[in-house]
Amino acid sequence: MAKTIAILNQKGGVGKTTSAVNLTACLGAMDKKVLLCDIDPQGNSTSGFGVEKRGIKQSSYEVLTGACKAADAILHTEFKNVDLLPANMNLAGAELEIIDKKDREGLLKSALVPVWENYDFILLDCPPSLGLITLNALVAADTFLVPIQCEYYALEGLSQLIATVRQIKRLYNPYIELEGVLMTMFDGRLNLTQQVVEEVKKFFPKKVYSTVIPRNVRLSEAPSYGQPIIYFDKSSKGAAAYTALAEEFLAKQG
(Lines give C-alpha, C1' and ligand atoms only; values in the text may rest on other atoms or scores of the structure.)
Protein backbone atom coordinates (compact mmCIF):
# COMPACT_ATOMS: atom_id res chain seq x y z
CA MET A 1 0.00 0.00 0.00
CA ALA A 2 1.28 3.46 -0.92
CA LYS A 3 2.58 5.89 1.64
CA THR A 4 0.89 9.24 1.03
CA ILE A 5 2.83 12.48 1.57
CA ALA A 6 1.33 15.99 1.36
CA ILE A 7 3.80 18.63 0.21
CA LEU A 8 2.61 21.93 1.58
CA ASN A 9 3.37 25.42 2.76
CA GLN A 10 0.68 28.08 2.76
CA LYS A 11 3.30 30.61 1.71
CA GLY A 12 3.73 30.69 -2.09
CA GLY A 13 7.06 30.74 -3.93
CA VAL A 14 8.91 28.40 -1.59
CA GLY A 15 9.74 25.69 -4.12
CA LYS A 16 6.77 23.49 -3.21
CA THR A 17 5.83 22.42 -6.73
CA THR A 18 9.48 22.24 -7.83
CA SER A 19 10.07 19.84 -4.96
CA ALA A 20 6.92 17.81 -5.67
CA VAL A 21 7.80 17.34 -9.35
CA ASN A 22 11.48 16.60 -8.85
CA LEU A 23 11.18 14.35 -5.80
CA THR A 24 8.52 12.37 -7.71
CA ALA A 25 10.77 12.02 -10.78
CA CYS A 26 13.82 11.02 -8.73
CA LEU A 27 11.88 8.38 -6.78
CA GLY A 28 10.54 7.03 -10.07
CA ALA A 29 14.06 6.86 -11.48
CA MET A 30 15.02 4.85 -8.37
CA ASP A 31 12.46 2.17 -9.30
CA LYS A 32 9.67 3.34 -6.99
CA LYS A 33 6.18 3.60 -8.46
CA VAL A 34 4.93 7.12 -7.74
CA LEU A 35 1.67 8.98 -8.27
CA LEU A 36 1.81 12.76 -8.08
CA CYS A 37 -1.60 14.32 -7.41
CA ASP A 38 -1.75 17.93 -8.54
CA ILE A 39 -4.36 19.53 -6.28
CA ASP A 40 -3.22 23.11 -6.80
CA PRO A 41 -5.56 25.05 -9.15
CA GLN A 42 -2.51 26.65 -10.79
CA GLY A 43 -1.67 23.20 -12.17
CA ASN A 44 2.08 23.80 -12.17
CA SER A 45 2.95 20.17 -11.39
CA THR A 46 0.88 19.17 -14.40
CA SER A 47 2.88 21.54 -16.64
CA GLY A 48 6.11 20.39 -14.98
CA PHE A 49 5.55 16.92 -16.42
CA GLY A 50 4.82 18.29 -19.89
CA VAL A 51 1.03 17.81 -19.78
CA GLU A 52 -1.01 20.44 -21.63
CA LYS A 53 -3.61 21.66 -19.13
CA ARG A 54 -6.12 22.78 -21.76
CA GLY A 55 -6.30 19.26 -23.19
CA ILE A 56 -7.21 17.58 -19.91
CA LYS A 57 -10.62 15.92 -19.95
CA GLN A 58 -10.61 14.58 -16.38
CA SER A 59 -8.61 16.05 -13.54
CA SER A 60 -8.35 16.32 -9.75
CA TYR A 61 -11.38 18.63 -9.95
CA GLU A 62 -13.61 15.84 -11.32
CA VAL A 63 -12.14 13.40 -8.79
CA LEU A 64 -12.79 15.70 -5.80
CA THR A 65 -16.31 16.57 -6.90
CA GLY A 66 -17.15 12.90 -7.54
CA ALA A 67 -17.64 13.27 -11.30
CA CYS A 68 -15.08 10.54 -12.06
CA LYS A 69 -12.91 7.93 -10.37
CA ALA A 70 -9.23 8.63 -9.70
CA ALA A 71 -8.21 5.68 -11.89
CA ASP A 72 -9.99 7.27 -14.89
CA ALA A 73 -8.24 10.63 -14.45
CA ILE A 74 -4.69 9.37 -13.79
CA LEU A 75 -2.25 9.81 -16.68
CA HIS A 76 0.85 7.72 -17.35
CA THR A 77 3.71 10.15 -18.04
CA GLU A 78 6.70 9.60 -20.31
CA PHE A 79 8.94 9.60 -17.22
CA LYS A 80 9.97 6.37 -15.53
CA ASN A 81 7.46 5.01 -12.97
CA VAL A 82 5.61 8.34 -12.72
CA ASP A 83 1.83 8.71 -12.97
CA LEU A 84 0.02 12.02 -12.63
CA LEU A 85 -3.41 13.10 -11.46
CA PRO A 86 -3.48 16.42 -13.33
CA ALA A 87 -5.08 19.75 -12.42
CA ASN A 88 -6.33 22.80 -14.25
CA MET A 89 -8.13 26.03 -13.34
CA ASN A 90 -11.46 24.20 -12.88
CA LEU A 91 -10.12 23.17 -9.49
CA ALA A 92 -10.37 26.78 -8.30
CA GLY A 93 -14.13 26.31 -7.92
CA ALA A 94 -13.96 22.94 -6.19
CA GLU A 95 -13.99 24.24 -2.62
CA LEU A 96 -17.35 25.95 -3.15
CA GLU A 97 -18.78 22.82 -4.76
CA ILE A 98 -17.73 20.39 -2.04
CA ILE A 99 -18.36 22.59 1.00
CA ASP A 100 -21.84 21.16 1.58
CA LYS A 101 -20.93 17.54 0.84
CA LYS A 102 -21.02 14.90 3.53
CA ASP A 103 -17.50 13.97 4.71
CA ARG A 104 -16.20 16.93 2.68
CA GLU A 105 -12.73 16.73 4.31
CA GLY A 106 -12.34 13.04 3.40
CA LEU A 107 -13.25 13.17 -0.31
CA LEU A 108 -9.67 12.94 -1.61
CA LYS A 109 -8.79 10.05 0.69
CA SER A 110 -11.88 8.10 -0.38
CA ALA A 111 -11.05 8.75 -4.05
CA LEU A 112 -7.44 7.54 -3.68
CA VAL A 113 -8.16 4.35 -1.70
CA PRO A 114 -8.85 2.25 -4.86
CA VAL A 115 -5.42 3.12 -6.37
CA TRP A 116 -3.29 2.78 -3.21
CA GLU A 117 -2.12 -0.71 -4.11
CA ASN A 118 -0.66 0.47 -7.44
CA TYR A 119 2.06 2.70 -5.96
CA ASP A 120 4.91 2.87 -3.48
CA PHE A 121 4.33 6.57 -2.85
CA ILE A 122 1.56 9.07 -3.54
CA LEU A 123 2.66 12.71 -3.36
CA LEU A 124 0.12 15.52 -3.05
CA ASP A 125 1.10 18.95 -4.39
CA CYS A 126 -1.12 21.23 -2.31
CA PRO A 127 -2.28 24.79 -3.01
CA PRO A 128 -0.49 27.62 -1.14
CA SER A 129 -3.33 28.04 1.36
CA LEU A 130 -4.88 26.23 4.30
CA GLY A 131 -8.33 25.82 2.73
CA LEU A 132 -10.58 22.83 2.16
CA ILE A 133 -8.42 21.26 -0.57
CA THR A 134 -5.34 21.33 1.69
CA LEU A 135 -7.50 19.93 4.51
CA ASN A 136 -8.43 17.04 2.18
CA ALA A 137 -4.73 16.44 1.50
CA LEU A 138 -3.87 16.34 5.21
CA VAL A 139 -6.73 13.92 5.92
CA ALA A 140 -5.54 11.67 3.06
CA ALA A 141 -1.83 11.83 3.97
CA ASP A 142 0.29 9.68 6.27
CA THR A 143 2.87 12.47 6.55
CA PHE A 144 3.49 16.01 5.32
CA LEU A 145 6.66 17.56 3.93
CA VAL A 146 7.29 21.30 4.26
CA PRO A 147 9.60 23.15 1.84
CA ILE A 148 10.92 26.39 3.35
CA GLN A 149 12.98 28.96 1.48
CA CYS A 150 16.16 30.25 3.12
CA GLU A 151 14.92 33.81 3.46
CA TYR A 152 13.91 36.23 6.18
CA TYR A 153 10.17 35.58 5.96
CA ALA A 154 10.57 31.80 5.93
CA LEU A 155 9.31 31.25 9.45
CA GLU A 156 6.26 33.45 8.98
CA GLY A 157 3.15 31.34 8.98
CA LEU A 158 4.90 28.20 10.20
CA SER A 159 3.23 28.36 13.59
CA GLN A 160 -0.14 28.71 11.80
CA LEU A 161 0.66 25.66 9.65
CA ILE A 162 1.63 23.57 12.67
CA ALA A 163 -1.47 24.72 14.59
CA THR A 164 -3.63 23.70 11.62
CA VAL A 165 -1.99 20.27 11.45
CA ARG A 166 -2.49 19.78 15.20
CA GLN A 167 -6.18 20.55 14.78
CA ILE A 168 -6.45 18.11 11.85
CA LYS A 169 -4.65 15.47 13.92
CA ARG A 170 -7.16 15.98 16.73
CA LEU A 171 -10.31 16.10 14.59
CA TYR A 172 -9.72 14.04 11.43
CA ASN A 173 -6.40 12.24 11.09
CA PRO A 174 -4.74 11.17 14.36
CA TYR A 175 -1.94 9.39 12.49
CA ILE A 176 -0.47 12.24 10.43
CA GLU A 177 3.16 13.08 11.21
CA LEU A 178 5.78 15.48 9.89
CA GLU A 179 7.83 13.74 7.18
CA GLY A 180 10.50 16.42 7.05
CA VAL A 181 11.43 20.02 6.36
CA LEU A 182 13.30 20.87 3.17
CA MET A 183 15.39 24.03 2.87
CA THR A 184 15.11 25.51 -0.65
CA MET A 185 16.76 28.40 -2.53
CA PHE A 186 19.86 27.81 -0.45
CA ASP A 187 22.87 30.10 -0.84
CA GLY A 188 25.63 29.08 1.56
CA ARG A 189 27.52 32.36 1.00
CA LEU A 190 24.87 34.35 2.87
CA ASN A 191 24.90 34.64 6.67
CA LEU A 192 21.13 35.04 6.56
CA THR A 193 20.78 31.60 4.96
CA GLN A 194 22.70 29.98 7.81
CA GLN A 195 20.63 31.89 10.40
CA VAL A 196 17.35 30.76 8.82
CA VAL A 197 18.53 27.13 8.73
CA GLU A 198 19.46 27.29 12.43
CA GLU A 199 16.08 28.80 13.33
CA VAL A 200 14.23 26.12 11.36
CA LYS A 201 16.26 23.38 13.07
CA LYS A 202 15.21 24.82 16.45
CA PHE A 203 11.60 24.84 15.30
CA PHE A 204 11.74 21.27 13.91
CA PRO A 205 14.44 19.36 15.78
CA LYS A 206 15.65 16.24 13.90
CA LYS A 207 13.19 16.83 11.06
CA VAL A 208 15.25 19.06 8.72
CA TYR A 209 16.76 17.22 5.74
CA SER A 210 20.53 17.47 5.53
CA THR A 211 20.06 17.83 1.75
CA VAL A 212 19.41 21.45 0.76
CA ILE A 213 18.14 22.69 -2.60
CA PRO A 214 20.34 25.45 -4.06
CA ARG A 215 19.30 28.36 -6.19
CA ASN A 216 19.88 26.96 -9.68
CA VAL A 217 19.05 28.46 -13.07
CA ARG A 218 18.56 25.06 -14.72
CA LEU A 219 16.04 24.16 -12.02
CA SER A 220 14.06 27.29 -12.91
CA GLU A 221 14.24 26.55 -16.64
CA ALA A 222 13.15 22.90 -16.51
CA PRO A 223 9.35 23.48 -16.03
CA SER A 224 9.10 25.55 -19.23
CA TYR A 225 10.36 22.47 -21.10
CA GLY A 226 7.90 20.19 -19.27
CA GLN A 227 10.66 18.09 -17.76
CA PRO A 228 11.85 17.29 -14.24
CA ILE A 229 15.44 18.42 -13.68
CA ILE A 230 16.99 14.93 -13.84
CA TYR A 231 15.68 14.62 -17.41
CA PHE A 232 16.27 18.24 -18.40
CA ASP A 233 19.87 18.53 -17.17
CA LYS A 234 21.18 15.53 -15.24
CA SER A 235 24.54 17.22 -14.62
CA SER A 236 23.09 20.33 -12.96
CA LYS A 237 23.36 21.16 -9.26
CA GLY A 238 19.57 21.02 -9.03
CA ALA A 239 19.51 17.44 -10.35
CA ALA A 240 22.23 16.39 -7.88
CA ALA A 241 20.30 18.01 -5.00
CA TYR A 242 16.97 16.34 -5.74
CA THR A 243 18.66 12.98 -6.34
CA ALA A 244 20.32 13.33 -2.92
CA LEU A 245 16.98 14.31 -1.38
CA ALA A 246 15.28 11.23 -2.84
CA GLU A 247 18.06 9.03 -1.44
CA GLU A 248 17.77 10.65 2.00
CA PHE A 249 13.98 10.39 1.86
CA LEU A 250 14.14 6.66 1.06
CA ALA A 251 16.76 6.02 3.74
CA LYS A 252 14.38 7.49 6.33
CA GLN A 253 11.55 5.15 5.32
CA GLY A 254 13.22 2.34 7.23
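Residues numbered from 1 in each chain as written. Predicted model: local features only at pLDDT ≥ 70, side-chain atom pairs only at ≥ 80, totals over all residues. Heavy atoms only, no water.

Student: It is not clear to me how the overall build of the protein should be interpreted in this structure. Could you clarify?
Tutor: The secondary structure content of the protein amounts to 12 helices and eight strands. Against the compact-globule benchmark of 18 Å for 254 residues, the protein has a radius of gyration of 17 Å, which places it among compact chains. Taking all 254 residues of the protein together, the buried fraction comes to 55%. For the protein, contacts bridging at least 24 residues in sequence account for 79% of all contacts bridging at least 6. Approximately 11800 Å² of the protein is accessible, and the part contributed by carbon and sulfur atoms is 51%. Charge-centre separation for the protein: the mean point of 27 positive side chains lies 4 Å from the mean point of 28 negative side chains. (Helix = DSSP H or I, 4+ residues; strand = E, 2+ residues; numbered from the N terminus. Rg over C-alpha atoms; globule rule 2.2 N^0.38 Å. Buried < 20%, exposed > 50% of the residue type's maximum accessible area, 1.4 Å probe, protein only. Contact = heavy atoms within 4.5 Å. Areas by Shrake-Rupley, 256 points an atom, 1.4 Å probe, with all protein chains shown as cover. Lys, Arg positive; Asp, Glu negative; His and termini not counted. Charge placed at Lys NZ, Arg CZ, Asp CG, Glu CD.)

Student: Can you walk me through the layout of surface pockets in this structure?
Tutor: A water-sized probe rolled over the atoms picks out the places where empty space is left. There is about 500 Å³ of room inside the largest pocket. As for the largest pocket, its lining consists of 28 residues, and the residues nearest its centre are G15, K16, T17, T18 and M185. Looking at the lining of the largest pocket, the elements with two or more residues in it are α1 (16-29), α2 (44-48), β7 (177-186), β8 (208-214) and α10 (217-221). The leading source of residues in the lining of the largest pocket is α1, at five residues. Residues that form the lining of the largest pocket fall into these classes: 12 nonpolar, 13 polar and three charged. The volume enclosed by the second largest pocket comes to roughly 180 Å³. (1 Å grid on protein atoms, 1.4 Å probe; cavity = no way out; pocket = protein on both sides within 12 Å on 5 of 7 lines; lining within 4 Å. Points joined across faces, edges and corners; volume = space filled by probe spheres on them. Nonpolar A, V, L, I, M, F, W, Y, C, P; charged D, E, K, R; others polar.)

Student: What should I look at first to understand the packing of aromatic side chains in this one?
Tutor: To describe a pair of aromatic rings, one takes the distance between the centres and the angle between the planes. Tallied over the full model, the rule gives five aromatic pairs. When the ring of F79 is compared with that of Y231, the centres are 4.9 Å apart and the planes differ by 50°; the resulting orientation is tilted. With F79 in the loop between β3 (75-76) and β4 (82-85) and Y231 in helix α11 (residues 229-232), this pair connects stretches of sequence that are 152 residues apart. The partly exposed category is assigned to Y231, whose relative accessible area is 33%. Arranged with centres 5.2 Å apart and planes meeting at 65°, the rings of F121 and F249 form a pair that is edge-to-face. Of this pair, F121 sits in strand β5 (residues 121-125) while F249 is found in helix α12 (residues 237-251), placing the two residues 128 residues apart along the sequence. Here a set of aromatic residues connected by ring pairs shows up, and it is made of F49, F79 and Y231. (Phe/Tyr/Trp six-rings, centres within 6.5 Å; stacked < 30°, edge-to-face > 60°.)

Student: Sorry if this is basic, but what is going on with the sheet that holds β4 here?
Tutor: Note on sheets: strands pair through backbone hydrogen bonds, and any given pair is parallel or antiparallel. Here we have eight strands laid out as an open sheet, ordered β3-β4-β2-β5-β1-β6-β7-β8, and mixed in their pairing. Taken across any chain shown, the strands that pair with only one partner, and hence form the sheet edges, are β3 and β8. Where strand β2 (residues 34-38) meets β4, four bridges bridge the pair, whose relative direction is parallel. Paired with L36 across the bridge in β4 is L84. Against the sheet, helix α7 (residues 132-140) contacts β1 (3-7), β5 and β6 (143-149), and its axis sits at roughly 150° relative to β1. The strands that helix α9 (residues 191-203) touches are β6, β7 and β8; relative to β7, the one it contacts most, it runs at about 175°. (Pairing = 2+ DSSP bridges. Axes fitted to C-alpha atoms, helices over the stretch in contact; angles between N-to-C directions.)

Student: Help me understand the pattern of salt bridges, please; the structure alone is not making it clear to me.
Tutor: Pairing is possible between side chains that carry opposite charge, provided their charged atoms lie close to one another. Taken as a whole and judged by the stated rule, the model has 12 salt bridges. A salt bridge links D125 to K16, with the nearest nitrogen and oxygen atoms 2.9 Å apart. In this pair, D125 is assigned in strand β5 and K16 in helix α1, connecting sequence segments 109 residues apart. Neither residue differs from the other here; D125 and K16 are each classed as buried. Residue R218 is joined to D233 by a salt bridge in which the shortest nitrogen-to-oxygen separation is 2.8 Å. (Salt bridge = Lys/Arg side-chain N within 4 Å of Asp/Glu carboxyl O.)

Student: Mind showing me how you'd approach the nonpolar core here?
Tutor: Generally speaking, soluble globular proteins have nonpolar side chains that are buried together. Of all hydrophobic cores here, the largest spans 56 residues; its most connected members are L124 and F144. F144 has contacts with I5, A6, L8, L138, I162, V165, I176, E177, L178, E179 and G180, leaving out every residue within four places of it along the chain. (Core = buried A, V, L, I, M, F, W, Y, C linked by side-chain atoms within 4.5 Å.)

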